[in-house]
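Here is what each chain is made of, one letter per residue.
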Amino acid sequence: MLKLTRLELQFLWRTIVLIGLILTAFVSALLSVISVLLDVPEGMHAGRDEYYKVFTVSVRDFDPADASSFGGTPRYAYIDGITRYSVMTGTNGAQMHTNPPKSEEPLNPGEETEALVGLTFTGLSVFEDQAEDLFSLYGGALAKDSRFPSAPGEIAINTTVARMVGVTKLGQTITFSPDLDYKETKVDLTKVKPESFTVVGFINQNVIHSVNNKLYGGAPLPACYYYVITQSDNPMSVTCLSFPGSRAQGDGYNRLARAGYEITSTSGGSGLDNIALAQAFFAAVALVLGVMVVFVLYSLIAIFYRQRKAQICRLKLLGAKGGMVAGIYCSIAVAIVFLATAVGTAFSMLFNLYFMNLCAQLFRTFSKNFVSHFRPIVPVSVFLSLSAFTLLLFFLFNRRVRNTVIAQEVRHE
């Protein structure tokens, strides 16, 4: 068998060299792109972990009980009809809309009219188990003897807004009900139940906003006019999920998107979008290169079959088993794959190192996080996959060699 293999190498050496060089080029490119595909997102996630401290994803119409399935923790939420698009009623019955009314009458050209001016007072519903952690940085925003809510049915509200509805003392009650007359929202407020809250604190949201501006890496709590802990079963309109790090945030974001949820915002700017774009680009390139490698292997086996079809028939006529014939040509093909993978691995390491240095120059903020890694599992997996594909191809070609084909090939000998 070794002698026959050596003789076949002598007959096929031009084909082997040409196909081997082409295969080596494409395998090198494939391994390089796979390495970059793994290292670039890892570097970007590591950089975001250092640069940002808060990793959140806000989801519309999400049940907080399902948060663990996506790796997140519910932190706070917006409730249409309570924290926005609502009517605020004080203890003395005074009312105020949290959103300014809108004029529905069109204006005629040149007609003078008074502008309707109003303010929007947006609140936030904080989950009870997250309240202490979220409010811990904002004690300076509280008035004397005030505190943030810590139990269901409590509210901390802006002092000026509270006075607008006649609430001036701690312990008084404010009721929120859906503003059914507000025409700008597309959400259904008819099923929202009114809810009352006891005032436990007066706050200055400008102080909260100032603290957030000074925080490095993101703010845990948006600056709002009031914060509540709800005790009703009103559905959360937009729920903010917190994640322990950048990669967990990205995984949660992808799972939420695949599950069909509408994601309204994410913390960390456009970082997740950039990572997803990089992954999609390099994955597409890797797929194209993988198809080219498979095509080159197919061409190699097809050339072996066409050039040495008569020799294969002679060997079978002389009693060679299918395993011996396959062993001769498949060993040559697998050897070519092995050499191409070995050389390609060396080239991929050099290219990956160059590309990581290039990324470090482009993303100066995360420069130290772009590190080239050698993962032996990648070339080993590529080699085993290509070897298995080679054996499968030769098996399919070998099945074509029947007795009739043998007789036709050797009829003149």
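Structure report, in brief. (Residues numbered from 1 in each chain as written. Predicted model: local features only at pLDDT ≥ 70, side-chain atom pairs only at ≥ 80, totals over all residues. Heavy atoms only, no water.)

**Considering the overall build of the chain**
Where we set the bar: Think of it this way: any DSSP run of H or I at least four residues long counts as a helix, any run of E at least two long counts as a strand, and we number them from the N terminus. Throughout this description, buried means an accessible area under 20% of the type-specific maximum (1.4 Å probe, protein chains only), exposed means over 50%, and partly exposed covers the range between. We call two residues in contact whenever any of their non-hydrogen atoms come within 4.5 Å of each other.
Within the chain, the regular secondary structure consists of ten helices and eleven strands. Counting all 413 residues of the chain, 45% fall into the buried class. Put simply, of all contacts in the chain between residues at least 6 apart along the chain, 82% involve residues at least 24 apart.

**A closer look at the sheet that holds strand β7 (residues 173–178)**
Note the cut-off: Between any two strands, pairing holds if DSSP finds at least two bridges. In this analysis, axes come from line fits to C-alpha atoms, helices being fitted only over the stretch in contact, and the angle between any two N-to-C directions falls in the range 0 to 180 degrees.
Sheet architecture is open: eleven strands sit in the order β4-β3-β7-β8-β6-β9-β5-β2-β10-β1-β11, paired in mixed fashion. Lying at the two open borders of the sheet, with one neighbouring strand each, are β4 (95–97) and β11 (263–266). This sheet shows a mean twist of 30° between the axes of neighbouring strands, independent of strand direction. Taken together, the four bridges between strand β3 (residues 86–89) and β7 define a ladder with antiparallel strand orientation. Each residue of the ladder has a partner; that of Met 88, found in β7, is Phe 176.

**Overview of the nonpolar core**
Which entries qualify depends on this criterion: To qualify as a nonpolar core, a set must consist of buried Ala, Val, Leu, Ile, Met, Phe, Trp, Tyr and Cys residues joined through side-chain atoms within 4.5 Å.
The biggest cluster of nonpolar side chains holds 39 residues, and the ones touching the most others in it are Leu 23, Val 40 and Phe 304. Once you skip the residues sitting within four places of it in the chain, Leu 23 turns out to touch Val 293, Val 296, Leu 297, Ile 336, Val 337 and Ala 340. Phe 127, Val 165, Phe 176 and Met 236 belong to the second largest nonpolar core, which has 25 residues in total.

**Some remarks on helix α5 (residues 246–258)**
Put simply, the rule reads: Residue count minus one, scaled by 1.5 Å, sets the expected span of a helix. This arc is taken over the directions from the axis of the helix to the C-beta atoms.
Helix length check: α5 (13 residues) gives 18 Å between terminal C-alpha atoms against 18 Å at 1.5 Å per residue, within 8%. Among all positions in α5, only Ser 246, Gln 249, Gly 250, Gly 252 and Leu 256 are buried. Looking down the long axis of α5, one finds its buried residues gathered within 165° of arc, a one-sided arrangement. Immediately downstream of α5, the backbone of Gly 260 shows phi near 95°, a positive value.

Structural measurements only, silent on function.
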